[in-house]
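Structural characterization, general
Here is how the chains run, residue by residue.
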Amino acid sequence: MSNRELVVLGTASQAPTRARNHNGYFLRWDGEGLLFDPGEGTQRQMLFAGVTASQITRICVTHFHGDHCLGLPGVLQRIALDRVEHPVQGYYPAEGREMFWRLRHAAIFHDTLPLTERPVDAYGVIAATPGFRLEARALSHRVPTVGYRLTEPDGRRMLPDRLAALGVAGPDIGRLQREGQLEADGHRVLLDEVSELRRGQSFAFIMDTRLCDAAFELAQGTDMVVCESTFAEADAALASDYGHLTAGQAGRIAAEAGARLLVLTHFSQRYEDSGSEVLLQEAVSAFGGEVVLAGDLDRIPVPRRAR
Ligand SMILES: [Zn+2]
């Protein structure tokens, strides 16, 4: 099992279909689990996907249309029911404070949640750990909406043959990583001589929005970008009326931002019978890179490091 993967819980916009649950996405990233936009039915989809409430460390809601949040009451109560003890952070647009409160208290339960609500009212970095920083940007929808990006800091990859050649071994390797240099066999060894840059990986989550600068910024250079693609180009007028993207626009975001893997989701039910292949084709021709048309319960590994 990859330790960095996207588990797709649902892919339908607005209304679920026979084949697609409301939105829901679980990003497994080393020891953390980020649940994005739990729509209706997310708790049960988690069961099918083998995701447990105890794996959730953060919940990120982009906005408060039902397909992105109606699963919160069930998921939150499940976290309490399963007696999850580790802290869980909840992010959502600050304008939705009252809406989050209503969802959290939609039914009777003893609220022992280890949940800290972190309404997003300033854009930029909203959380930082040694492993990554989480950022939020305002998108352009019909209601306050934020997109998210997770970025791992760049690091250094140690080169075993260089270490051996310069006589650095055992605990000295860790010391060299911490201190940047050390004395070995009577000469000074610099970290740069025995290691190379290891680029941090990154992930972006761009839901309901029109084309806007923030979408390109969030996607910039990412290894994986999950992007709504509600409509096909033939319905571009509907997309702009309702504040959504077409698949071609999602492809353009990935292309101009230099993303590596584009995951399309949040499909209108109008393509249920005709098939969503047209969306895939339109995104592929706009992007030119790898595109995945997400299906419920898909597991999509974050691509291996590009170096
Ligand atoms: Zn939506």
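Here we summarise the structure given alongside this text.

**What to know about the overall build of the protein**
What the protein contains, in helices and strands, is nine helices and 18 strands. Relative to the 2.2 N^0.38 estimate, which gives 19 Å for 307 residues, the radius of gyration of the protein is 21 Å and therefore close to what a compact globule would have. Structurally, the protein occupies a C-alpha span of about 70 × 50 × 35 Å along its principal axes. A burial count over the protein gives 53% of its 307 residues as buried. Summarising the internal contacts of the protein: among those between residues at least 6 apart in sequence, 67% fall at separations of at least 24. When the accessible surface of the protein is summed, it comes to about 13700 Å², and 50% of that surface belongs to carbon and sulfur atoms.

**Overview of the packing of aromatic side chains**
One pass over the full model with this rule turns up six aromatic pairs. Considering the side-chain rings of Phe 64 and Tyr 92, the 5.7 Å spacing of their centres and the 70° angle between planes classify their relative orientation as edge-to-face. With Phe 64 in the loop between strand E4 (58-60) and helix H2 (72-81) and Tyr 92 in strand E5 (residues 88-93), this residue pair connects regions lying 28 residues apart in the sequence. Both residues of the pair, Phe 64 and Tyr 92, belong to the buried class. Summarising the aromatic geometry, the rings of Tyr 92 and Phe 100 are spaced 4.5 Å apart at their centres and angled 15° between planes, so their arrangement reads as stacked. Of the two residues examined, Tyr 92 and Phe 100, each falls in the buried class. Of the aromatic side chains, those joined through ring pairs into one cluster are Tyr 25, Phe 36, Tyr 148, Phe 203 and Phe 205.

**Points about the coordination of the zinc ion**
Around the zinc ion, the protein contributes the donor atoms Asp 67 (OD), His 68 (NE2), Asp 208 (OD) and His 266 (NE2), at 2.1 to 2.2 Å from the metal centre. For the zinc ion, the four donor atoms are set out with angles of 90 to 170° between them, so the coordination reads as irregular. Sequence spacing of the donor residues for the zinc ion, all on one chain, is D-H-x139-D-x57-H. Here the residue Asp 208 occupies a position in the loop between strand E14 (202-206) and helix H6 (213-219), and His 266 occupies one in the loop between strand E16 (261-265) and helix H9 (277-287), the gap between them amounting to 58 residues. We classify His 266 as buried; its relative accessible area is 1%.

**So, the packing of H2 against helix H3 (residues 97-104)**
Remark: H2 packs on H3, axes separated minimally by 8 Å, with the N-to-C direction vectors making an angle of 60°. Taken as axis vectors, H2 and H3 run oblique relative to one another. Each of Leu 72, Pro 73 and Leu 76 in H2 lies in contact with H3, whose residues at this interface are Phe 100, Leu 103 and Arg 104. Of the residues assigned to the contact of H2 with H3, the class counts are five nonpolar, no polar and one charged.

**Let's talk about the sheet that holds strand E1 (residues 4-10)**
Pairing in this open sheet of seven strands is mixed, and the strands run E6-E5-E4-E3-E2-E1-E18 from one edge to the other. The strands lining the two open edges of the sheet, one partner per strand, are strand E6 (115-120) and strand E18 (299-301). Adjacent strand axes in the sheet meet at a mean angle of 20°, parallel and antiparallel pairs treated alike. Pairing analysis gives three bridges linking strand E3 (residues 32-36) to E4, with the strands arranged parallel. Bridging from a neighbouring strand, Phe 36 pairs with Cys 60 of E4. Strands E1, strand E2 (24-29), E3 and E18 of the sheet are contacted by helix H1 (residues 42-49), whose axis makes an angle of about 130° with E1. Running at roughly 155° to E6, H3 makes contact with E5 and E6 of the sheet.

**Details of the environment of Glu 40**
The residue Glu 40 is located in the loop between E3 and H1 in this model. Classification of Glu 40 by relative accessible area gives partly exposed; the value is 46%. If we ignore the near neighbours within four places in the chain, the residues touching Glu 40 are Asn 21, His 22, Gly 66, Leu 70 and Gly 71.

**Comments concerning the layout of surface pockets**
Taken as a whole, the largest pocket encloses approximately 290 Å³ of empty space. Together, 16 residues line the largest pocket, and Ser 13, Gln 14, Thr 230, Phe 231 and His 244 are the ones closest to its centre. Each residue belonging to the lining of the largest pocket can be placed in one class, and the counts come to three nonpolar, nine polar and four charged.

**Describing H9**
Inspection of H9 places Leu 279, Leu 280, Glu 282, Ala 283 and Phe 287 among the buried residues, and these make up the whole buried set. Down the axis of H9, the smallest arc covering the buried residues is 165°, so these residues share one side. Positive phi appears at Gly 288, one or two residues downstream of H9, with a value of about 85°.

**A word on the pairing of E16**
Counting buried residues along E16, five of its five residues qualify, which places the element largely inside the surrounding structure. Of the two faces of E16, the one holding Leu 261, Val 263 and Thr 265 and the one holding Leu 262 and Leu 264 are both buried throughout. As paired elements, strand E15 (residues 224-228) and E16 share five bridges and run parallel to each other. By the bridge assignment, Val 225 is partnered in E16 with Leu 262. With H9 bridging E16 and the parallel strand E17 (residues 290-293), this β-α-β connection has right-handed handedness.

Calculation rules
- Residues numbered from 1 in each chain as written.
- Predicted model: local features only at pLDDT ≥ 70, side-chain atom pairs only at ≥ 80, totals over all residues.
- Heavy atoms only, no water.
- Helix = DSSP H or I, 4+ residues; strand = E, 2+ residues; numbered from the N terminus.
- Rg over C-alpha atoms; globule rule 2.2 N^0.38 Å.
- Buried < 20%, exposed > 50% of the residue type's maximum accessible area, 1.4 Å probe, protein only.
- Contact = heavy atoms within 4.5 Å.
- Areas by Shrake-Rupley, 256 points an atom, 1.4 Å probe, with all protein chains shown as cover.
- Phe/Tyr/Trp six-rings, centres within 6.5 Å; stacked < 30°, edge-to-face > 60°.
- Donors = N, O, S within 2.8 Å, 3.2 Å for Na, K, Ca; no water.
- Tetrahedral: all angles 85-135°; square planar, octahedral: opposite > 155°, others 65-115°.
- Axes fitted to C-alpha atoms, helices over the stretch in contact; angles between N-to-C directions.
- Parallel < 35°, antiparallel > 145°, perpendicular 65-115°, else oblique.
- Nonpolar A, V, L, I, M, F, W, Y, C, P; charged D, E, K, R; others polar.
- Pairing = 2+ DSSP bridges.
- 1 Å grid on protein atoms, 1.4 Å probe; cavity = no way out; pocket = protein on both sides within 12 Å on 5 of 7 lines; lining within 4 Å.
- Points joined across faces, edges and corners; volume = space filled by probe spheres on them.
- Arc of directions from axis to C-beta.
- Right-handed = clockwise from strand over helix to strand, strands pointing away.

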